[in-house]
Amino acid sequence: NAGVTQTPKFQVLKTGQSMTLQCAQDMNHNSMYWYRQDPGMGLRLIYYSASEGTTDKGEVPNGYNVSRLNKREFSLRLESAAPSQTSVYFCASVQGAGPETQYFGPGTRLLVL
Amino acid sequence: GENVEQHPSTLSVQEGDSAVIKCTYSDSASNYFPWYKQELGKGPQLIIDIRSNVGEKKDQRIAVTLNKTAKHFSLHITETQPEDSAVYFCAASPGSARQLTFGSGTQLTVLP
């Protein structure tokens, strides 16, 4: 099993450009999450999906959209990137509805110029 | 919502010494407290967790203690080794929630 995979690993964008971060898990987990990690601020929840077809806002959803494409895949979209969205983005999944062990992907490092 | 504070932000210890990282939380409904370890360039990985019906849990060199009255919990690492060097995050979650609130992280450096 690959666990949780994320693409791309690294991306540079110009202000105003759009992009989609991809996440997939092969553990048949129900819940999936998107976090951003900034220095000194830990991990902050952007959006989560408790099950296929449902999504909910987390702590910092502004400027982002998500799609739970199917049980395996959960994508994060930046429609118009801003320098404040420079961060490392992590996807995670949980087998049930939580709180349980979250399994994290390797992260996507995003730089917005 | 829940607020988790973590201290210290950086910690250096000599190899073989013990390390302690402390967290406090604000929501008395929280009843699940995991600790994650993040190595450089990788995603966080669960190392130990505790639920509010127990006060202490051990796994080899790692232990977590919980004081629900004071709303704080701590990670204890004994006989530290260079491979323990990493960023450690605490987190808290109310049982009914599907979310974790993370602390700001502690960079632990074990000096040989």
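Residue positions are given per chain, counting from 1 as you read along its sequence in written order. Chain A is the first chain written and ligand 1 is the first ligand written, with later ones labelled in order. Owing to the predicted nature of the model, reporting of local features is limited to residues with pLDDT of at least 70; listing and counting of side-chain atom pairs is limited to 80 or more, with chain, interface and lining totals taken over all residues. Values shown for side chains rest on all heavy atoms present in the structure; no hydrogens or waters enter the calculation.

**Q** Describe the interface of chain A and chain B, with residues and values.
**A** Residue contacts are defined here by distance: any two heavy atoms, one from each residue, within 4.5 Å place the two residues in contact. Counting from both sides, the interface comprises 21 residues of chain A and, opposite them, 21 residues of chain B. Taking both sides of the interface into account, the surface hidden between chain A and chain B amounts to around 1,600 Å²; carbon and sulfur atoms contribute 57%. Definition used for salt bridges: Asp or Glu carboxyl oxygen within 4 Å of a side-chain nitrogen of Lys or Arg. Our count for the contact surface shared by chain A and chain B stands at 0 salt bridges. Identification of polar contacts relies on pairs of N or O atoms within 3.5 Å, with a donor-acceptor requirement for protein atoms, meaning one able to donate a hydrogen and the other able to accept it, and with residues adjacent in sequence counted only if both atoms are side-chain atoms. Inspection of the region where chain A meets chain B yields 3 residue pairs in polar contact (both at pLDDT 80 or more). Secondary structure elements with two or more residues in the side of chain A that touches chain B: strand E4 (31-37) and strand E5 (43-49) of chain A. Only Asp, Glu, Lys and Arg are considered charged in this grouping, and only Ala, Val, Leu, Ile, Met, Phe, Trp, Tyr, Cys and Pro are considered nonpolar; every other residue, Gly among them, is considered polar. Partitioned by chemical class, the residues of the side of chain A that touches chain B number 12 nonpolar, 7 polar and 2 charged. Computed with a 1.4 Å rolling probe, the buried area is the accessible surface lost when two parts are put together, summed over both parts. Put simply, DSSP marks the helices as runs of H or I at least four residues long and the strands as runs of E at least two long, and each gets a number from the N terminus on.

**Q** Account for a nonpolar patch on the surface, with residues named and values stated.
**A** All names here are of chain A. Side chains of Phe10, Val12, Leu111 and Leu113 sit close together on the surface and give an oily, nonpolar patch of about 360 Å² of accessible area. Within the secondary structure, Val12 sits in strand E2 (residues 10-13). Only protein chains enter the accessibility calculation, which uses a 1.4 Å probe. A residue is then buried if its area is under 20% of the maximum for its type, exposed if over 50%, and partly exposed in between. On the accessibility criterion, Val12 (37% relative accessible area) is partly exposed. Patch rule: a residue counts if its relative accessible area is over 30% and it has no salt bridge; like charges are joined within 9 Å, and nonpolar side chains (Val, Leu, Ile, Met, Phe, Trp, Tyr) within 5 Å. The Shrake-Rupley method, run with a 1.4 Å probe, gives the accessible areas here. Residue values count only the displayed protein chains as cover.

**Q** Before we move on, could you go through the pairing of strand E11 (residues 108-112) of chain A and cite the residues and values that matter?
**A** All names here are of chain A. Burial along E11 is one-sided: Thr108, Leu110 and Val112 are buried, and none of Arg109 and Leu111, which face the opposite way, are. Across 4 bridges, E2 lies against E11 in parallel orientation. Opposite Phe10, over in E11, you have Arg109 as the bridge partner. DSSP calls a pair of strands paired once it identifies at least 2 bridges connecting them. Note that strand E9 (residues 87-94) and E11 share 3 bridges and pair antiparallel. Residue pairing across strands places Val88 opposite Arg109, the latter belonging to E11.

These results come straight from atomic positions and should not be treated as a statement about function.
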